[in-house]
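Remarks on the overall topology
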Amino acid sequence: MPAAYPTQIEAPAWRFMAYSELAFRVLRRFARGTSRTLLRAVCRTAYRRGFGCADANGCARDAVGASWIAGRLYLGGLSWGPSLSFKDLAMQALGVAFACVVWHHYHIVGATSGDTGGAACRAIAGSRKVGLLVLSPAGGVSAFQAEQMYGTIAGNVVNACLHGGFDCCQDVVKALLGMRRRDVGTANSINLSRLLLQSAYYLALRERLVTWPGERLCYHIPSGNFGNTFACHMAMICCKHGFHATVATNENNVLDCFLKGGVCLTRSETVVKRTHAPSMDISWASNIERLLYDVLGRSGSMAGRAARTRGNSAAWVLLAHASHRCLRSCAVSSDASLHVERSMLVELMYRRHGVAVDTHTAAALKSAMLAARGDVQVALETARDVKLKAELHGTYGNGYRHAVPRRARHARHVSPACAHVRRLLGIPAVPVSAAS
Ligand SMILES: N[C@@H](CCOP(=O)(O)O)C(=O)O
C-alpha cells in the first residue's frame with residue numbers, strides 16, 4: 001500500500017498531454033525517491049513501443065482513448081497494446097522498468113486467467129536479466145490466450161498449467177512471494193506498481209471526457225481480482241474533482257455481494273462457475289484486502305482479520321462492518337451480469353454501433369447502460385473482442401495474427417533463470433501446458 005496518497009494531483013494542461021507524459025506525472029507523485037529522468041524514460045519507452053495503433057481514419061492513436069457510443073456513454077479504449085488487453089498499459093512499463101533497474105537475474109512469477117499472462121509474456125520475453133514463469137489454470141483460458149502465452153518462444157519464459165482455478169495459481173504465487181526472496185517479484189496486481197500505473201488511465205480519461213468542472217463521471221469496471229477497481233479507487237483519492245466507480249462482475253458475484261452490503265467476500269473454489277468471461281471466475285478477489293485496509297482506518301491487522309474469513313466465522317462481524325463502511329464511505333458500487341445479458345450486448349454493440357466488444361467489456365456496458373442518464377458513463381474495455389471470440393463463435397479469424405506468436409506453439413525453451421524458479425516450485429522439468 002502507498003504510505004499516503006498524494007492529493008489534487010491533476011493540472012489543467014493534462015487534457016492535451018500525451019499519455020506517456022501524464023503517466024509519468026502520476027507515477028512521480030507516488031515514487032518520490034525514484035529518479036524522475038528514469039521514470040520519464042520508462043513511460044516514454046513503454047507507451048511508444050507497441051501502442052502505435054492508428055484509428056479508422058489513419059490518425060495516430062494515443063495509448064489510451066475513448067470512443068463515443070451513444071448519448072453520454074463512452075467505451076474506454078485500453079486494449080491497444082501488444083497483447084490486446086488493458087494489462088499492457090502497466091506491464092509494458094514494468095517490463096522496461098525491470099530491464100532498467102535489475103542488475104542480476106530476477107524472477108517474475110505470475111498467475112493468470114488469460115490476460116496478465118499474455119501481457120507479461122509480451123513485456124518480458126527476450127529479456128536477458130529477467131525470467132518469467134506464468135501459471136494458468138489448465139483449460140481455463142481462451143484458445144487465443146492459450147496460443148498467445150504458450151506460443152511465446154523465448155529462453156526466459158516458462159508457462160505451466162495447474163489443475164485448479166485461477167485462485168489456486170494465485171495461491172502458489174503468494175506462497176512464493178511469502179518466501180521474501182529479493183530476486184522474486186510478480187507480474188500480478190499483488191505488485192503495487194502495476195496498480196499505480198493503471199491508476200493513470202482513470203485520470204487521463206477523466207481529463208479527456210469531462211468538459212465542465214461539476215460534471216459527474218462514472219467508470220464501469222469489469223472486475224475479477226479487483227486490481228483495476230482498486231487502481232480507480234487510488235485515482236479517485238488523488239483527483240481534485242472525483243468520480244464514481246461501479247464494479248461489473250459475472251455469475252461469480254462475491255464482489256457484488258460484498259459491495260451491496262452482504263458479506264460473501266469469498267466462496268469455496270469448488271462453487272466457482274466457469275463462464276465465457278473467465279477473468280471474473282474467481283472465488284477470492286485479492287485486492288479487496290487493500291480496500292478493506294483503507295476503509296478500516298488503514299489498520300493492517302483489522303484488514304487482515306476481515307480478509308481471513310475463509311474458515312473463520314468470528315471475522316464475519318468485522319467484514320460485515322467493512323462492507324457497510326464501503327457502502328457508506330466509498331464511491332464504489334457494483335453490478336452483476338448473466339451470460340445471456342453479456343451475449344446479447346456483444347451482439348447489440350456490433351449490430352447497432354459497429355463496435356466489437358469482448359464478454360468482460362459487455363458486463364461493464366450492461367452496468368453503464370443501466371446507470372443515471374445525466375452523467376458521463378465510461379465502460380472500460382478489458383481486452384479486444386478477439387481474445388474470447390473463439391469461445392463465443394468457434395473461430396477468431398486471421399485479423400489479429402500479429403498478437404499471437406508466429407511459430408509453433410508447443411516449442412518451449414527454458415532459461416537458467418526460470419529453471420531456478422521451477423525448482424523452487426517443484427514443477428517437473430518439462431513444463432506442462434494445455435497445448436501439450
Ligand atoms: N484476470 C486476470 C487475473 C489476474 O489479475 P491481476 O490483475 O492480479 O494480474 C488475468 O486475466 O490474468
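Structure shown above.
Here's a quick rundown of the structure. Source: prediction; values computed, not measured.

Turning our attention to the side chain of Ser79. With respect to the secondary-structure elements, Ser79 resides in the loop between strand 2 (73-77) and helix 3 (88-101). Under the relative-accessibility criterion, Ser79 is labelled buried at 0%. From its side chain, Ser79 meets the backbone oxygen of Thr382 in a polar contact 3.5 Å long. Residues contacting Ser79, with those up to four places away along its chain left out, are Leu84, Ser85, Phe86, Glu381, Thr382, Ala383 and Arg384.

The next thing to look at is the environment of Ser142. With respect to the helices and strands, the residue Ser142 is situated in the loop between strand 4 (130-137) and helix 5 (143-150). With 246 residues separating them in the primary sequence, Ser142 and Leu388 have C-alpha atoms 5.9 Å apart. Polar contacts involving the side chain of Ser142 include one to the main-chain carbonyl oxygen of Lys387, which spans 2.5 Å.

So, on to the site of the ligand. Near the ligand, the surroundings consist of Lys87, Thr112, Ser113, Gly114, Asp115, Thr116, Phe166, Asn188, Ser189, Arg194, Asn225 and Ser279. With respect to the ligand, the side chain of Thr116 contributes an N or O atom lying 2.7 Å from an oxygen atom. Bound to the protein, the ligand loses 95% of the 330 Å² it would expose on its own.

Look at helix 13 (residues 339-353): 21 Å from first C-alpha to last across 15 residues, which is about the 21 Å you get at 1.5 Å a residue. Among the residues making up helix 13, those that are buried are Arg342, Leu345, Val346 and Met349. Here the buried residues of helix 13 occupy an arc of 105 degrees about the axis, which is enough to place them on one side. Structural note: helix 13 exposes Met344, Arg351 and Arg352 on the side pointing more than 90 degrees away from its buried face. Of the residues trailing helix 13, Gly354 is marked for its positive phi of about 65 degrees.

Across the sheet, four strands lie side by side as 5-4-3-6; this open sheet has parallel pairing. If you trace the sheet from one side to the other, it starts and ends with strand 5 (157-162) and strand 6 (184-186), each paired once. When the angles between neighbouring strand axes are averaged without regard to direction, this sheet yields 25 degrees. Pairing geometry for strand 3 (residues 106-111) and strand 6, over three bridges, is parallel. Looking across to strand 6, one finds that His107 is bridged to Val184.

Conventions we followed
- Residues numbered from 1 in each chain as written.
- Predicted model: local features only at pLDDT ≥ 70, side-chain atom pairs only at ≥ 80, totals over all residues.
- Heavy atoms only, no water.
- Helix = DSSP H or I, 4+ residues; strand = E, 2+ residues; numbered from the N terminus.
- Buried < 20%, exposed > 50% of the residue type's maximum accessible area, 1.4 Å probe, protein only.
- Polar contact = N/O pair within 3.5 Å; in protein donor to acceptor, adjacent residues only side chain to side chain.
- Contact = heavy atoms within 4.5 Å.
- Near = heavy atom within 4 Å.
- Areas by Shrake-Rupley, 256 points an atom, 1.4 Å probe, with all protein chains shown as cover.
- Expected span 1.5 Å × (residues − 1).
- Arc of directions from axis to C-beta.
- Pairing = 2+ DSSP bridges.
- Axes fitted to C-alpha atoms, helices over the stretch in contact; angles between N-to-C directions.

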